[in-house]
Amino acid sequence: ESVTRRHGGLVSASAAMLLGTVITLGFLLATGRPVIPEMPLSVWCWMAYLGVGASGLAYVAWFSALKYLKAGELGAFGYISTMLTAAMAVILVKERLSVSFILAFAGVLLGVWLMTSAQAAKQPAGND
C-alpha cells in the first residue's frame, strides 16, 4: 500500500515539503550561504503566497488525487494546467492566442485523452 493511501494527501505532501526544506537548509549551511537572505517584506509575502498558496495547495491536491488515480494518469492532467493558464491570460489580460498555440492545445487534449483512455482500457471491469 502506498504512503498516500495510508496517510492521505495532506500528510504525504507535508512530509515531502518538510524533507525538501531540510535538504535545502542542509545545502545552504554546507555552502555557507545565508539561510535567511535579506529581502523586502513584499518579497517574503510573495514567497509565502507561492510556497503555501500555489505550491502547497497543488501538492496536497496532487497527493490526494493519487488515492484515486495512478501517477501516470494524473501526470497527463498536469499538461492541462498550461491550457488553464493561457485561458486565464486571455480572460484577465486580454492575451491573444496564435493559431499554432491553439493547435498545440488540441494536441495536448488529444494526448491526455489517449493517455487516460488507454489506462482505462487496461483496467479490468469492476476495478473501481
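Residues numbered from 1 in each chain as written. Predicted model: local features only at pLDDT ≥ 70, side-chain atom pairs only at ≥ 80, totals over all residues. Heavy atoms only, no water.

**Focus on a nonpolar patch on the surface**
- Judged by side-chain polarity, Leu25, Leu29, Val35, Ile36, Leu41, Val43, Trp44 and Met47 come together as a nonpolar surface patch covering roughly 750 Å² of accessible area.
- For the nonpolar patch, the secondary-structure elements that each account for two or more residues are helix H2 (9-31) and helix H3 (41-65).
- When residues in the nonpolar patch are grouped by element, the largest group, four residues, is from H3.
- As for its placement among the helices and strands, Trp44 is situated in helix H3. (Patch = residues over 30% accessible without salt bridge, like charges linked within 9 Å, V, L, I, M, F, W, Y side chains within 5 Å. Areas by Shrake-Rupley, 256 points an atom, 1.4 Å probe, with all protein chains shown as cover. Salt bridge = Lys/Arg side-chain N within 4 Å of Asp/Glu carboxyl O. Helix = DSSP H or I, 4+ residues; strand = E, 2+ residues; numbered from the N terminus.)

**With respect to the nonpolar core**
- One finds Ala13, Phe63, Ala65, Leu66 and Leu74 forming the largest nonpolar core, which totals five residues.
- Beyond its immediate stretch of four places on either side in the chain, Phe63 contacts Thr4, Gly9, Ser12, Ala13 and Ala16. (Core = buried A, V, L, I, M, F, W, Y, C linked by side-chain atoms within 4.5 Å. Buried < 20%, exposed > 50% of the residue type's maximum accessible area, 1.4 Å probe, protein only. Contact = heavy atoms within 4.5 Å.)

**With respect to H2**
- The terminal C-alpha atoms of H2, which comprises 23 residues, lie 33 Å apart, in line with the 33 Å expected from a rise of 1.5 Å per residue.
- Residues of H2 that are buried: Gly9, Ser12, Ala13 and Leu28.
- Gly32 sits one or two positions beyond H2 and adopts a positive phi of about 75°. (Expected span 1.5 Å × (residues − 1).)

**Some words on unusual backbone geometry**
- Phi angles above zero are rare outside glycine, and Lys94 is one such case at about 55°.
- A relative accessible area of 64% means that Lys94 is categorised as exposed.

**With respect to the packing of helix H4 (residues 71-78) against helix H5 (residues 80-93)**
- For the pair H4 and H5, the least separation of the axes is 4 Å and the interaxial angle reads 20°. With respect to each other, H4 and H5 are oriented roughly parallel. Between H4, through Ala76, Phe77 and Gly78, and H5, the contact on the second element is made entirely by Ile80, Ser81 and Thr82.
- Looking at the contact of H4 with H5 residue by residue, the classes come out as three nonpolar, three polar and no charged. (Axes fitted to C-alpha atoms, helices over the stretch in contact; angles between N-to-C directions. Parallel < 35°, antiparallel > 145°, perpendicular 65-115°, else oblique. Nonpolar A, V, L, I, M, F, W, Y, C, P; charged D, E, K, R; others polar.)

**Observations concerning the confidence of the model for the chain**
- Mean pLDDT for the chain: 82, with 91% of residues reaching 70 or above.
- The weakest mean pLDDT in the chain belongs to H4 at 76; the strongest belongs to H2 at 88. (pLDDT = per-residue confidence, 0-100.)

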